[in-house]
Amino acid sequence: MELHHFLKFVDPSNASKTTENLYKILRDVVLRVGLENVVHVVTDNAANYVVVGKLLEVEFPNLYCSPCVAHCINLMLLDIGKIDEVSEVVSLASKITRYIYNHCYALYLMRKHTDGREILCPTLTCFANNIIDLQRISAKKDSLRAMVTSRDWTSSTYAK
């Protein structure tokens, strides 16, 4: 089994992210590593990176450049979240979860009815939060219904 090693880190934060600068940085990395060792470059999805990828492919015909798939999916989720129907559902779910997590007794009852499982969970990407939260709420739908129809809930001041 061949081991892969980390070869180089480039922090371009002090430089302008122009196509020219990015092209120079990525070209230098390809040449340092050796064209025979590089077959694929994964970049950001911004327009300047797309142009850089095309320039690299022209200069190095055996090289393939593509945008980051995870970033593409995150952008799609962001766009999906802008659809009116989705935005409304997310807004309602957010109001419900905010209410539950901001009131100790409601939070206690939710945890009691979901066997201690949370309906919100931090994720690695903010774009996916809403989708994942909706999935978790949907998965706990029966438990949440049982909570708001329970005697504990209906006899509390929160039921009003």
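Within every chain, residues take consecutive numbers counted from 1 along the sequence as written. Whole-chain, interface and lining totals are the exception, using all residues; otherwise, since this is a predicted model, local features are given only for residues with pLDDT of at least 70 and side-chain atom pairs are given and counted only at 80 or more. The basis for every side-chain value is the complete set of non-hydrogen atoms in the structure, without hydrogens or water.

Enquirer: Honestly, the packing of helix α1 (residues 19-33) against helix α2 (residues 47-59) in this entry has me stumped. Any pointers?
Expert: For any two helices packed against each other, the geometry comes down to the angle between their axes and how far apart the axes lie. The axes are straight lines fitted to the C-alpha atoms, using for helices just the contacting stretch, and the angles between their N-to-C directions are given from 0 to 180°. Helical segments are the DSSP runs of H or I of at least four residues, strand segments are the runs of E of at least two, and each set is numbered from the N terminus. Two numbers describe how α1 lies on α2: the axes approach to 9 Å, and their chain directions differ by 50°. In terms of orientation, α1 and α2 fall into the oblique class. For the crossing formed where α1 meets α2, the hand is right-handed. Along its contact with α1, which presents Thr19, Leu22, Tyr23, Leu26 and Arg27, the element α2 presents Asn48, Tyr49, Val51, Val52, Leu55, Leu56 and Glu59. Considered class by class, the residues forming the contact of α1 with α2 number eight nonpolar, two polar and two charged. Any angle that is under 35 degrees is reported as roughly parallel, and any over 145 degrees as roughly antiparallel; angles of 65 to 115 degrees are reported as roughly perpendicular and all others as oblique. Crossing handedness: left-handed means the near helix sits turned counterclockwise from the far one by under a right angle, and right-handed means the same turn made clockwise. Note on contacts: a residue pair is in contact if any heavy atoms of the two residues lie within 4.5 Å. For this scheme, ten residues count as nonpolar: Ala, Val, Leu, Ile, Met, Phe, Trp, Tyr, Cys and Pro. Four count as charged, namely Asp, Glu, Lys and Arg, and the remainder, Gly too, count as polar.

Enquirer: Mind showing me how you'd approach the state of the cysteines here?
Expert: Covalent bonding between the sulfur atoms of two cysteines is what defines a disulfide. The term disulfide is used for any two cysteine sulfur atoms that are within 2.5 Å. This structure, assessed with the given rule, holds zero disulfides. Take Cys68: it sits in no disulfide, and the sulfur closest to it among the cysteines is that of Cys72, at 7.0 Å. The cut-offs for exposure are 20% and 50% of the maximum accessible area for each residue type, with area from a 1.4 Å probe on protein chains only; residues under the lower value are buried, those over the upper are exposed, and the others partly exposed. We classify Cys68 as partly exposed; its relative accessible area is 26%.

Enquirer: How should the pattern of salt bridges be read in this particular structure?
Expert: Note on definitions: salt bridges are taken to be side-chain nitrogens of Lys or Arg within 4 Å of carboxyl oxygens of Asp or Glu. Tallied over the entire structure, the rule returns four salt bridges. Residue Arg27 is joined to Glu59 by a salt bridge in which the shortest nitrogen-to-oxygen separation is 2.8 Å. With Arg27 in helix α1 and Glu59 in helix α2, this pair connects stretches of sequence that are 32 residues apart. Residue classification places Arg27 among the partly exposed residues on the basis of a relative accessible area of 27%. Given a relative accessible area of 29%, Glu59 falls into the partly exposed group.

None of the figures reported here should be taken as evidence of function without further support.
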